[in-house]
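If you want the building blocks of each chain, they are given just below.
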Amino acid sequence: MTDGARLATQPGVRPREAATHCPYCALQCGMVLRETAGRVEVAPRDFPTNRGGLCQKGWTSAELLDHPDRLTTPLLRDRPGGELRPASWDEALDRVAGGLRAIQERHGPDAVAVFGGGGLTNEKAYALGKFARVALGTRHIDYNGRWCMSSAAAAGLRAFGVDRGLPFPLADLGRADTLLLVGANPAETMPPLMRHLADQRERGGRLIVVDPRLTATARQADLHLQPLPGTDLAVANALLHIALTEGWLDRAYVADRTTGFDEVRRTVAGCWPAEAERLSGVPVADLEATARALATVDRAVILTARGAEQHAKGVDTVTAFINLALALGLPGRPGSGYGCLTGQGNGQGGREHGQKADQLPGYRRIDDPAAREHVAGVWGVDPAALPGPGVPAYQLLDSLGTPHGPRALLVFGSNPVVSAPRAARVESRLRDLDLLVVADFLRSETADLADVVLPVAQWAEEDGTMTNLEGRVLRRRALREPPPGVRTDLAVLAALAARLKGGAPSYREMHNKGPFLTPEEAFPADPRAVFAELRRASAGGPADYAGVSWDRIDADTGVFWPCPDEDGPDSPRLFTDRFPTPDGRARFRAVTHRPAAEPVCADYPLHLTTGRVLAHYQSGAQTRRVAALRRAAPGGFVELHPDLAGRLGVAEGEEVRVVSRRGELRAPARLSPAIRPDTVFAPFHWPGAARANSVTNDAVDPVSGMPEFKICAVRVEKA
Ligand code: SF4
């Protein structure tokens with residue numbers, strides 16, 4: 001019986017139960033799965049994040065377990081352009097291992113790359129990073145989380161010395177007198193979170209939403225600021241300018257707990273609200289009301305999400321809001337602070353344990369000699385044998401199959417054909433590879449291009465841990481075993497590692513002298529064993545999981561990192577006394593507004609912004625297959641203001657083309673006064689003609705590598 005599932009005793013009925021969490025977003029709502037006579041039902045479970053609520057995606061999540069599209073046998077393509085055909089696991093794994101070896105022998109270790117996902121468990125993210133660095137010896141690993149939280153992560157590290165999305169429990173939102181949401185639409189992306197906002201409102205708190213669209217969340221706000229996409233930084237600096245001018249700063253906090261304010265003061269002194277109004281369209285009066293609402297209350301919280309972060313200046317935009325929060329003395333005070341709303345299910349844990357190009361487990365830097373020595377010691381290899389940093393996700397994908405780029409790619413838990421910016425170009429790069437391997441449980445659009453597809457287990461078939469948007473480590477508990485023919489990702493890595501033994505120099509060394517003598521010991525398929533090793537590898541790092549055990553998580557409602565000691569406390573609220581920087585102070589950093597990477601012009605006179613809808617998750621590879629979700633949101637659309645539609649002569653439901661310098665999307669027009677007349681919106685969950693990322697810009701933030709998903713220049717035409 002799988003860990004965490006209970007088998008009832010009544011003969012003939014055999015219900016099983018598992019108390020677990022939703023497979024989708026970072027709220028990680030608690031749920032109970034119950035299987036009776038082969039049918040799995042989902043029920044909400046009271047948990048601090050969801051308080052007994054689930055959204056439509058969570059309620060219907062079990063439908064994919066026995067879905068007819070489920071992959072249950074490996075697939076192989078015998079020749080380019082040929083069809084995928086069923087194969088045995090031995091044949092598929094031999095093909096992968098043989099192909100990887102041949103490519104590396106010919107082109108070197110960096111000719112193989114690995115691409116992970118923000119939905120992988122901590123154990124899988126850790127094992128994937130180790131597999132890349134040790135079994136393959138490649139520096140090329142990154143993941144799709146680069147496209148979600150990386151700008152907030154980089155800004156948080158720069159300012160606070162640590163990147164934890166929310167440095168306080170979600171319940172703190174309910175205590176805030178003022179809550180400012182910037183580029184976040186939780187009413188659609190994570191509806192149960194709105195229960196915390198309802199608490200806040202019931203207590204008399206104010207909600208202010210900054211979003212170019214009057215979203216479902218913005219409709220509930222006391223004040224909605226509707227800036228032009230890409231001008232949030234100007235808005236933030238103007239808010240700080242007003243706070244400075246009005247004398248609303250927390251001077252004692254700035255003096256005692258921060259550094260670098262003088263330069264920020266000089267910079268924002270020139271950030272006049274009237275100029276911010278000119279850039280963003282947000283009236284000065286609304287900027288003043290927002291600054292007052294944040295600065296003249298006891299408790300205020302500022303949260304950013306993808307709307308502010310997915311820009312080529314995403315790090316600086318988040319930094320501007322952190323500057324505002326620090327100047328008002330918010331971080332570290334109960335019911336106050338700055339945070340980022342993480343998106344993907346394990347977006348937080350997935351960026352802590354080695355999936356990122358520049359990181360080792362525990363949020364250690366791969367170019368830090370002490371970090372390399374520690375992790376190499378746990379892995380039983382020479383630190384010098386570990387590769388150096390790779391490149392961020394888009395750069396990596398854009399280099400595939402080129403003369404100096406990787407020739408092979410292993411994809412786990414990601415669908416870049418739909419989710420990557422400038423997706424047609426990424427698709428073409430994938431086609432140029434000598435070997436594309438995709439591990440997934442459904443045939444995604446990326447799997448359709450693969451040479452080898454490996455069928456892997458789903459969330460209800462595996463044990464492990466996830467780290468939610470609060471930095472709370474949770475238990476994923478299996479309800480049932482994977483179906484025949486399906487293996488877990490960890491088992492796939494273990495089997496490949498066994499075939500690659502003796503390949504990369506560090507891997508040879510591991511087997512010659514390290515503490516791990518067999519591939520099974522180096523790459524165990526048992527998630528408990530992987531987590532035990534992860535704890536040791538993360539010990540002493542910024543994201544320290546050394547004191548987090550599965551038993552401890554089971555005994556409570558999860559464990560907040562850092563937690564260095566199993567007998568010591570965890571860390572639900574950070575920054576109360578000091579920041580984890582060398583001098584214990586948070587760091588201001590002066591930032592200024594700059595235009596979007598691609599300004600509008602006569603040929604492309606409109607702004608396109610992209611986002612999500614309630615019924616779908618990420619690339620939609622899963623949720624597009626769920627009948628109820630497909631009925632709720634059957635396809636892509638283009639949202640236009642009626643004034644714009646009138647100018648273009650476009651009627652409701654009429655198909656339009658949205659054209660950028662990179663490509664076009666076609667979808668029905670949806671007319672709505674909720675969007676600015678100079679901006680159109682398209683959700684990014686669909687492939688084919690409605691693929692929003694055919695149009696998006698691949699300009700990236702120079703610090704985080706975040707692409708500019710949220711704004712590019714387009715024209716809209718009747719199709
Ligand atoms: S998708 Fe997110 S909000 Fe919806 S049930 Fe799952 S975890 Fe909760």
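Here the structure is a predicted model, which means the values were calculated and not measured.

J.: Lay out the overall build of the protein in plain terms, naming residues and giving numbers.
T.: If you tally the helices and strands in the protein, you get 24 helices and 29 strands. Its C-alpha radius of gyration of 25 Å places the protein within 12% of the 27 Å reference for a compact globule of 719 residues. Over its C-alpha atoms, taken along the principal directions, the protein stretches across nearly 65 × 60 × 60 Å. Counting all 719 residues of the protein, 65% fall into the buried class. Considering only contacts in the protein between residues 6 or more positions apart, those separated by 24 or more positions represent 72%.

J.: Got a sec to walk through the site of the ligand? Specific residues and values, please.
T.: Around the ligand, the neighbouring residues are Cys22, Tyr24, Cys25, Leu27, Gln28, Cys29, Leu54, Cys55, Lys57, Gly58, Met190 and Pro192. Looking at the shell around the ligand, its residues break down into nine nonpolar, two polar and one charged.

J.: Would you mind going over the environment of Pro562 in detail, with residue names and values included?
T.: Among the secondary structure elements, Pro562 is positioned in the loop between strand E22 (559-560) and strand E23 (586-587). Filtering out sequence-adjacent residues up to four positions away, Pro562 remains in contact with Arg164, Pro542, Asp544, Asp570, Ser571 and Leu574.

J.: Give a description of the sheet that holds strand E20 (residues 464-467) that names residues and reports values.
T.: Read from one edge of the open sheet, three strands run E20-E21-E22, paired in antiparallel fashion. Of all strands in the sheet, those bounded by a partner on one side alone are E20 and E22. In this fold helix H3 (residues 122-136) packs onto E20 and strand E21 (472-476), with an angle of close to 95° to the strand it touches most, E20.

J.: Could you give an account of the pairing of strand E13 (residues 300-304), with specific residues and numbers?
T.: When a strand is regular, its side chains alternate between the sheet's two faces. Burial runs high along E13: five of the five residues are buried. Of the two faces of E13, both are covered, the one formed by Ala300, Ile302 and Thr304 as well as the one formed by Val301 and Leu303. Here strand E9 (residues 178-182) pairs with E13 via five bridges, running parallel. Paired with Leu180 across the bridge in E13 is Ile302. As paired strands, E13 and strand E14 (residues 337-340) are joined by four bridges and run parallel to one another. If you follow Ile302 over to E14, its bridge partner there is Tyr338.

J.: Please set out the pairing of strand E19 (residues 452-455) residue by residue, giving values where relevant.
T.: Across the two faces of E19 the burial is the same, with Val452 and Leu454 and Val453 and Pro455 all buried. Relative to E19, strand E5 (residues 75-77) runs antiparallel, the two sharing two bridges. For Leu76, the partnering residue across the bridge sits in E19 and is Val452. Two elements, strand E18 (residues 435-440) and E19, share four bridges in a ladder whose sense is parallel. In the strand pairing of E19, Val438 is matched with Val453.

J.: Can you lay out the pattern of salt bridges for me, pointing to particular residues and giving the numbers?
T.: Two side chains with opposite charge may pair up if their charged atoms get near one another. Applying the stated criterion across every chain, the model contains 52 salt bridges. Among the ionic pairs, Arg425 bridges to Asp398, the shortest N-O distance being 2.9 Å. Here Arg425 is found in helix H17 (residues 423-431), whereas its partner Asp398 is found in helix H15 (residues 393-399), with 27 residues between them in sequence. Of the charged contacts, one joins Glu654 and Lys718 as a salt bridge, the two residues approaching to 3.3 Å between their closest N and O atoms. One end of the pair, Glu654, is in the loop between helix H24 (642-648) and strand E26 (655-659); the other, Lys718, is in strand E29 (residues 712-718), with 64 residues separating them in the sequence. Among the ionic contacts, a cluster of salt bridges with common partners joins Glu655, Arg657, Glu664, Arg666, Arg715 and Glu717.

J.: So what about the sheet that holds E18? Which residues, and what values?
T.: Strand order in the open sheet formed by seven strands is E6-E5-E19-E18-E17-E7-E8, with mixed pairing between adjacent strands. Edge positions in the sheet fall to strand E6 (84-86) and strand E8 (141-143), since each of these pairs with one other strand and no more. Within this sheet the neighbouring strands show an average axis-to-axis angle of 20°, counted without direction. Here H3 sits on the sheet and contacts strand E7 (112-116), E8 and strand E17 (408-412); the angle it forms with E7, its principal contact strand, is near 175°.

J.: Now, about the packing of helix H2 (residues 89-107) against helix H18 (residues 489-500): what can you tell me, with residues and values included?
T.: Viewed as axis vectors pointing N to C, H2 and H18 meet at an angle of 55°, and their least axial separation amounts to 9 Å. One finds that H2 runs oblique with respect to H18. Both H2 and H18 take part in a crossing whose hand is right-handed. On the side of H2, the interface is formed by Trp89, Asp90, Leu93, Asp94, Val96, Ala97, Leu100 and Arg101, while H18 contributes Val492, Ala495, Leu496, Arg499 and Leu500. Looking at the contact of H2 with H18 residue by residue, the class counts come to nine nonpolar, no polar and four charged.

J.: Describe the confidence of the model for the protein, and please don't skip the residues or the numbers.
T.: Overall, the predicted model of the protein reaches an average pLDDT of 95, with 96% of residues at or above 70. In this model residues 1-11 is a low-confidence stretch, pLDDT under 50, and it forms 31 contacts with partners more than four residues away in sequence or in other chains.

J.: Summarise H2; cite the residues concerned and give the values.
T.: For H2, with 19 residues, the first-to-last C-alpha span of 27 Å sits near the 27 Å given by 1.5 Å per residue. Residues of H2 that are buried: Trp89, Ala92, Leu93, Val96, Ala97, Gly99, Leu100, Ile103 and Gln104. Viewed end-on, H2 has its buried residues packed into an arc of 160°, placing them on one side of the element. Those residues of H2 that are exposed and angled more than 90 degrees off the buried face are Glu105 and Arg106. Just beyond H2, the residue with positive phi is Gly108, at close to 100°.

J.: I'd like a description of helix H10 (residues 273-280), backed by residues and values.
T.: Every α-helix winds through 3.6 residues per turn, so residues three or four apart in the chain are directed the same way. Burial in H10 covers these residues: Pro273, Ala276 and Ser280. For H10, the angular spread of buried residues about the axis comes to 55°, placing them on one side. Pointing more than 90 degrees away from the buried face of H10 are the exposed residues Ala274 and Arg278. Packed against the buried residues of H10 are helix H7 (232-246) and helix H11 (284-295). Looking one or two residues past H10, Gly281 carries a phi angle of roughly 85°, positive in sign.

J.: Lay out the nonpolar core with the relevant residues and their values.
T.: The biggest cluster of nonpolar side chains holds 122 residues, and the ones touching the most others in it are Phe131 and Phe160. Excluding residues that lie within four positions of it along the chain, Phe131 makes contacts with Leu136, Leu410, Leu493, Leu496, Ala497, Leu500 and Phe523.

J.: Describe the packing of aromatic side chains, naming the residues involved and giving the relevant values.
T.: Under the counting rule described, the total for this entry stands at 13 aromatic pairs. Ring centres of Tyr24 and Tyr617 lie 5.2 Å apart, and the angle between their planes is 50°; this geometry places the pair in the tilted category. Of this pair, Tyr24 sits in the loop between strand E2 (16-21) and strand E3 (30-36) while Tyr617 sits in the loop between strand E24 (606-611) and helix H23 (627-632), and the two are 593 residues apart along the sequence. Looking at Tyr24, the relative accessible area reads 2%, which means it is buried. Note on Tyr617: relative accessible area 12%, which makes it buried. Taking 4.9 Å as the distance between ring centres and 55° as the angle between the ring planes, the aromatic pair formed by Phe261 and Phe588 counts as tilted. Taken together, the residues Phe261 in helix H9 (residues 261-269) and Phe588 in the loop between E23 and E24 connect sequence positions 327 residues apart. Taken as a pair, Phe261 and Phe588 share a single burial class, namely buried. Clustering of aromatic rings is evident, with ring pairs tying together Phe160, Tyr338, Phe575 and Phe579.

Cut-offs used in this document
- Residues numbered from 1 in each chain as written.
- Predicted model: local features only at pLDDT ≥ 70, side-chain atom pairs only at ≥ 80, totals over all residues.
- Heavy atoms only, no water.
- Helix = DSSP H or I, 4+ residues; strand = E, 2+ residues; numbered from the N terminus.
- Rg over C-alpha atoms; globule rule 2.2 N^0.38 Å.
- Buried < 20%, exposed > 50% of the residue type's maximum accessible area, 1.4 Å probe, protein only.
- Contact = heavy atoms within 4.5 Å.
- Near = heavy atom within 4 Å.
- Nonpolar A, V, L, I, M, F, W, Y, C, P; charged D, E, K, R; others polar.
- Pairing = 2+ DSSP bridges.
- Axes fitted to C-alpha atoms, helices over the stretch in contact; angles between N-to-C directions.
- Salt bridge = Lys/Arg side-chain N within 4 Å of Asp/Glu carboxyl O.
- Parallel < 35°, antiparallel > 145°, perpendicular 65-115°, else oblique.
- Left-handed = near helix turned anticlockwise from the far one by under 90°.
- pLDDT = per-residue confidence, 0-100.
- Expected span 1.5 Å × (residues − 1).
- Arc of directions from axis to C-beta.
- Core = buried A, V, L, I, M, F, W, Y, C linked by side-chain atoms within 4.5 Å.
- Phe/Tyr/Trp six-rings, centres within 6.5 Å; stacked < 30°, edge-to-face > 60°.

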